[in-house]
Amino acid sequence: AFEYLWYNTKKEFINSNQVLQIDDISLSDGGDYVCHINSTEVDIDTVIFHIEVNPKPAADITPEENEILICGTDLVELEAFPNESNYSYEWSNGETSQAINVTESGEYWVEVTNEFGCSDTARKQVYIYSEFEEVEILTQGKNNFCKGDSLVLSSSSNYDEYFWNTGETTSSIV
């Protein structure tokens, strides 16, 4: 009968099975793994396996927002990160550059692969609204006023939602 004794890089005993399972080791622990093969009578062999653990890229897409809403433009640029010269990029639309221009609404993903063949995927939802109604901004009061005075701005039409560059969501702002 043979005895198999597996040890990790820290010389800690792992198991005594004939086969070392991936579940038996932490894949973050690269290095040399040793198997001592013994019989009841003699030490037969010692085998050393070197395991290299390569880094996995953390894919990301900019702009940073999870959902991108674009009004009044016909494209948005999506850029994959990390931006490394030895990385490859494969987008959901078939492009292989680090950045793409998007002209249609939809979910876009990019798979980023490093020089070791390790990869990660990032996704981004894009909404492009190129047809929109032009909104006229109305002022209540004089357009020419002094510091400390106020001016009320409102929309020329009634809408279900408002979003001003100040972050306010009311139909008019001061």
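Keep in mind that what you see is a predicted model, and the values were worked out from it rather than measured. (Residues numbered from 1 in each chain as written. Predicted model: local features only at pLDDT ≥ 70, side-chain atom pairs only at ≥ 80, totals over all residues. Heavy atoms only, no water.)

Novice: Account for the pairing of strand S4 (residues 43-51), naming residues and giving values.
Specialist: The two faces of a sheet get side chains in turn, since along a regular strand they alternate between them. Taken together, the eight bridges between strand S3 (residues 31-39) and S4 define a ladder with antiparallel strand orientation. For Val34, the partnering residue across the bridge sits in S4 and is Ile48. Here S3 folds back onto S4, and the loop between the two strands holds three residues. (Pairing = 2+ DSSP bridges. Helix = DSSP H or I, 4+ residues; strand = E, 2+ residues; numbered from the N terminus.)

Novice: Hey, could you go over the nonpolar core for me, with residue numbers and the actual values?
Specialist: Ranked by internal contacts, the top residues of the largest apolar core, which has 18 residues, are Leu78, Trp91, Val102, Val110 and Val126. Of all elements in the fold, only strand S6 (67-71), strand S7 (76-81), strand S8 (88-91), strand S9 (99-102), strand S10 (106-113) and strand S11 (119-129) reach the threshold of two or more residues within this core. Discounting chain neighbours no more than four positions away, the residues touching Val110 are Ile61, Ala80, Tyr89, Glu90, Trp91, Asp120, Thr121 and Ala122. (Core = buried A, V, L, I, M, F, W, Y, C linked by side-chain atoms within 4.5 Å. Buried < 20%, exposed > 50% of the residue type's maximum accessible area, 1.4 Å probe, protein only. Contact = heavy atoms within 4.5 Å.)

Novice: Kindly report on the layout of surface pockets, identifying the contributing residues and their values.
Specialist: To find leftover empty space, one rolls a probe the size of a water molecule over the atoms. Approximately 220 Å³ is the volume attributed to the second largest pocket. Taken together, Val135, Ile137, Ser155, Tyr159, Glu161, Tyr162, Phe163 and Trp164 make up the lining of the second largest pocket. (1 Å grid on protein atoms, 1.4 Å probe; cavity = no way out; pocket = protein on both sides within 12 Å on 5 of 7 lines; lining within 4 Å. Points joined across faces, edges and corners; volume = space filled by probe spheres on them.)

Novice: Can you explain the environment of Asn143? Please cite residues and give values.
Specialist: Secondary-structure assignment places Asn143 in the loop between strand S12 (137-140) and strand S13 (152-155). A relative accessible area of 60% places Asn143 in the exposed class. On a C-alpha basis, the gap between Asn143 and Glu41 in space is 101 Å, while along the polypeptide they are 102 residues apart.

Novice: Break down the pattern of salt bridges for me, citing the residues and quoting the values.
Specialist: Under the counting rule described, the total for this entry stands at one salt bridge. Among the ionic pairs, Arg123 bridges to Glu107, the shortest N-O distance being 3.6 Å. Taken as a pair, Arg123 in strand S11 and Glu107 in strand S10 lie far apart in primary sequence, 16 residues in all. By relative accessible area, Glu107 is classed as partly exposed at 47%. (Salt bridge = Lys/Arg side-chain N within 4 Å of Asp/Glu carboxyl O.)

Geometric descriptors of this kind do not, in isolation, establish any biological role.
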